[in-house]
Every structure is written in structure tokens, then in C-alpha cells.
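Chains, contacts and geometry: an overview
Residues per chain are reported as follows:
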Amino acid sequence: MRPIRVRIGVLGLALVAGLAAPTAATAAPEAGGAAPAPTVEERRLDGEVPREILRRSGFAAVAPAFARGLGRADSYREARRVVEREGAALWRRAVDRVQGRGPARGDLSRDDDRPLYWARLGMTRELRTWEPGFGLSERQRAALLTELERTSRGQTDLRLPRGGHDKGVKRVLLTGFDPFTLDRDIRISNPSGAAALALDGTVIDTADGPARVETAVFPVRWADFAEGTVERALRPYLPRVDLFTTVSQGRVGRFDVERTNGAWRGGFPDNDNVSRTETVPVADPASQPQWTTTTLPYAAITAADTGRFPVYDNTSVTEIPAGGDEPVVRPDGPTPGSTAREGGGGNYLSNEIAYRATLLRDRLGLHGTLPGGHVHTPVLQFGAGNTDPATGALTDPEFVRNRLDIVAQTRAIVGVAVSAAGADRD
């Protein structure tokens, strides 16, 4: 996600969703007043495109079924069980659909990441507007929403093989993102999210042996990142993996391995149409660096033939030099004492997840031993003639081909990275 010089959503990336708008689960009013209203992101569910995606993927019944489950809960504890069970079930259902297990239940191609996104929003809207008879505090509702986000994004389903490093199967952690820039084109899909669904739990044969990939996806919302969603999800696993990569959609027609990440939010609106322009907020800001760097084997990745899109080692950043007050583009990375304004991946949430994940790696003392960083995929484009959001189709053969090729090349890049990291250790 790069809304700076190379605007990410400029081309058609489409994301649509199902047919029936979710119906709120209701009971007696909550003590203390009405339930919260749906968010900006959740209100997009009322559009025709989201409803069509849900219908054509077989996910239209997910939110209504979740509402019925909530309606039967007679306590906070029971509601939490419903949330945990149904959130995890949504993630597994989405993974199974993409990976070809079970019926497709619709004519959208199996590789589509959009049903998961819109079905989750249907569930969060049901939960946010739910008015149970037993009374639900603001804090309890927030906890339920957090648990639904975590379970339905695969963040509680990271099943790494047992054993230490270099014993049998290598362990890889990969993350993707939701679709975004939906007000520009609500049909948008995010190839990083599609890659996460396609690769979750799969094994890649590499020159350094088999590698098991576990994945999760993250929201495109500034607030969630400020509240520590990345660190909470990744902290338990980084010491246990052999390689990690955060992945997002970036530039047209190319992959990029982002060499440097910057500690700056550039203000581009998120999926709730909220902007943030500030230093990336992290714990212990007194020790916060302006820059972090990749430890992925970028030279090997860019040299390998991994697919039809070129792969670049991107070293450019934008900084305010030490003693200066105006931003300067540096093609070869930051200079000493400079202040970040853009990492190689810009200053949106793709740069921020890369910054947070690599900062966490460093704070855990793993900089010298754990390969990790960020990969930007190409922009996922619709076919020629299907570029008008107002009149275009939800999908087309070129759109599907592009997504499948991006996912396959992401998989190949991971395989090369594991092999090269193993060779470096040897």
C-alpha cells in the first residue's frame, strides 16, 4: 500500500461483496443507551457490489448466521464463545475456499480474497450494533470486537511446526492486508490478502528443505496499528520462525523488496476515511529509531527468476536531512541523523507494518539471526475495458490471471528467500 509517489489504488483493484445486507441481532436494549452505529467501513456493506460478492461466493449467509448465534447468547461469556468460534470458522472457510477444499458455493474464482473481507465486516457490524438483554459494557463490546478481528484474520491460527531452528521443516510467517481505497473502486481486491489465504498452512519445497508457511491478514486502519495489533500478533512467533515477510500491494507491474522502512505516517486516509500525519506511535518512543532495515536476502530474491513480474531491490527513501527542514529523496537510503518522511514503501500502512515488524525483530534481539522485511506486490489490475468502477464487472479473466500470477510469484519469492537464508547460515 503506497499512496505517495506511486499511488496504489490508482488502477482498478477490485473488491466486492455479497448480496444480502446483514441484519442486526437484537434483544432487549443495552443498559446505558443504544449500541454504537456502524463504522464508515461497515456502512459500505449496503452497496450493491459488496452484496454481490457475498452472494457469488456463498458467503452471504455468514453474518446473518452469526447474528442468530449472538441472539442466543445469554451472557458475556457465552457471547465470547460465539465470537471465538465463528471468527475462527470464517478464517478457515476462506482459506479452504481459496485452497480448493470443499464446494466453492458460487461462481467467483476460488482465489478471490474479497469474500473474507466483506463477510468479516458483516460480522463486526452485527456485533457492534448488537443490543443483548443481559447488558454489555463498552469495554466488553470492544473486547469482543478485538477477538473477532483476531480470529477471523488468522492471527490466532498460526500453527508453526515444533522443534528448533534448522530441525526439519523451516517455519515462515507471512502477512497480508485487506482491500483498500474502496471509495475509489469498491470492487478492489488485495493480492497480498489473496496470497495469505493461498499460502496459509502450505509447504514450499526449497533448496534448503521444506518450509511451512503460516499467514495472517491485517486491517487498513491507522487506529488498530496504534493500538498494537501488529506487535500483539507477531511477538509470540518471531523468535520461533526462520523467516518472516510482511506483504502488501505496491506499484504497477513490479515487485519490490523494500530495503528501508521509515517512522512516519503520511496521512493518506484509511478504510474508515481517517488520516494520520505523525511519527509512527510505538512503545518506548525514547528508543525509537527513524529507520529500520530489511534482513531478507534481497540480492538473491531480485536475481532469481520467480515469475513474470520484475523484482526490484528498492533503496529509495524520503528524509529530512540532519539540520535541514525540507524533505529530500535519497535513492540510496537515508543519511546519518535524518528524519523519516517515507520508507521505500512510502508512508502508509504497508511501510508501517514493515517498520513495526522489523523494529519488533530488533527489539527482540533478532536482527542478526532472523531474515525479515517487506515485499510489495504489483497492483492487481482488471482487464482492459473493465476499468470503470461504475459500470465494470466484479471480475474478468485477466483480473483472475493477474491475481493468480502475483500469488504464485509471491510463493516463489518466499521459496528463494528461505533457500538463500539457509545458504547464508551455512
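Before any of the text, the structure's been laid out above.
Residues numbered from 1 in each chain as written. Predicted model: local features only at pLDDT ≥ 70, side-chain atom pairs only at ≥ 80, totals over all residues. Heavy atoms only, no water.

Focus on the overall build of the protein chain
Secondary structure assignment for the protein chain yields twelve helices and 14 strands. In terms of C-alpha radius of gyration, the protein chain reaches 21 Å, essentially the compact-globule figure of 22 Å for 426 residues. With respect to the principal axes defined by its C-alpha atoms, the protein chain has extents near 60 × 50 × 45 Å. Within the span of the protein chain, comprising 426 residues, buried residues form 57% of the whole. Across the protein chain, the fraction of contacts at a sequence separation of at least 24, relative to all contacts at a separation of at least 6, is 80%. When the accessible area of the protein chain is evaluated, it comes to approximately 16100 Å², of which 51% is carbon and sulfur surface. Mean positive and mean negative side-chain charge positions of the protein chain (55 and 54 charges, respectively) differ by 4 Å. (Helix = DSSP H or I, 4+ residues; strand = E, 2+ residues; numbered from the N terminus. Rg over C-alpha atoms; globule rule 2.2 N^0.38 Å. Buried < 20%, exposed > 50% of the residue type's maximum accessible area, 1.4 Å probe, protein only. Contact = heavy atoms within 4.5 Å. Areas by Shrake-Rupley, 256 points an atom, 1.4 Å probe, with all protein chains shown as cover. Lys, Arg positive; Asp, Glu negative; His and termini not counted. Charge placed at Lys NZ, Arg CZ, Asp CG, Glu CD.)

Looking at the sheet that holds strand S3 (residues 209-218)
Here we have seven strands laid out as an open sheet, ordered S2-S3-S1-S4-S14-S5-S10, and mixed in their pairing. Unpaired on one side and paired on the other, strand S2 (203-206) and strand S10 (311-314) mark the two borders of the sheet. Direction aside, neighbouring strands of the sheet carry axes that sit 30° apart on average. The sheet contact formed by strand S1 (residues 170-177) and strand S4 (residues 243-249) spans four bridges and is parallel. Note that in S4 the partner of Val-172 across the bridge is Leu-243. (Pairing = 2+ DSSP bridges. Axes fitted to C-alpha atoms, helices over the stretch in contact; angles between N-to-C directions.)

Regarding the packing of helix H3 (residues 62-72) against helix H5 (residues 114-128)
Here H3 crosses H5 at 30°, and the two axes come no closer than 8 Å. The angle between H3 and H5 falls in the class roughly parallel. As H3 runs across H5, the sense of the crossing is right-handed. For the pair H3 and H5, the contacting residues are Val-62, Ala-63, Phe-66, Ala-67 and Leu-70 in the first and Ala-119, Gly-122, Met-123, Glu-126 and Leu-127 in the second. Per-class residue counts for the contact of H3 with H5 are eight nonpolar, one polar and one charged. (Parallel < 35°, antiparallel > 145°, perpendicular 65-115°, else oblique. Left-handed = near helix turned anticlockwise from the far one by under 90°. Nonpolar A, V, L, I, M, F, W, Y, C, P; charged D, E, K, R; others polar.)

Looking at the side chain of Arg-361
By the secondary structure assignment, Arg-361 is in helix H11 (residues 349-363). Only 2.8 Å separates the side chain of Arg-361 from the backbone oxygen of Thr-293, close enough to count as a polar contact. Those residues in contact with Arg-361, other than ones at most four positions away along the chain, are Leu-238, Phe-244, Thr-293, Thr-294, Thr-295, Leu-366, His-367, Leu-370 and Gly-372. (Polar contact = N/O pair within 3.5 Å; in protein donor to acceptor, adjacent residues only side chain to side chain.)

Some details on the nonpolar core
Formed by 61 residues in total, the largest nonpolar core has its most connected members in Phe-66, Trp-118, Leu-127 and Trp-130. Per element, the largest residue contribution to this core is eight residues, and it comes from helix H4 (residues 76-98). Judged by nonpolar contacts, the second largest core, of 24 residues, contains Phe-177, Phe-218, Phe-225 and Leu-238. (Core = buried A, V, L, I, M, F, W, Y, C linked by side-chain atoms within 4.5 Å.)

Some details on unusual backbone geometry
At Arg-105, a residue that is not glycine, the phi angle is positive and equals roughly 55°. By the secondary structure assignment, Arg-105 is in the loop between H4 and H5. According to the relative accessible area criterion, Arg-105 is exposed, its value standing at 52%. Positive phi outside glycine occurs at Asn-273, with the angle close to 60°.

Examining the sheet that holds strand S11 (residues 317-320)
One open sheet holds the three strands; their spatial order is S12-S11-S13, and the pairing between them is antiparallel. Each edge of the open sheet is held by one strand with a lone partner, namely strand S12 (328-330) and strand S13 (339-342). This sheet shows a mean twist of 40° between the axes of neighbouring strands, independent of strand direction. Here S11 pairs with S12 via three bridges, running antiparallel. Each residue of the ladder has a partner; that of Glu-319, found in S12, is Val-328.

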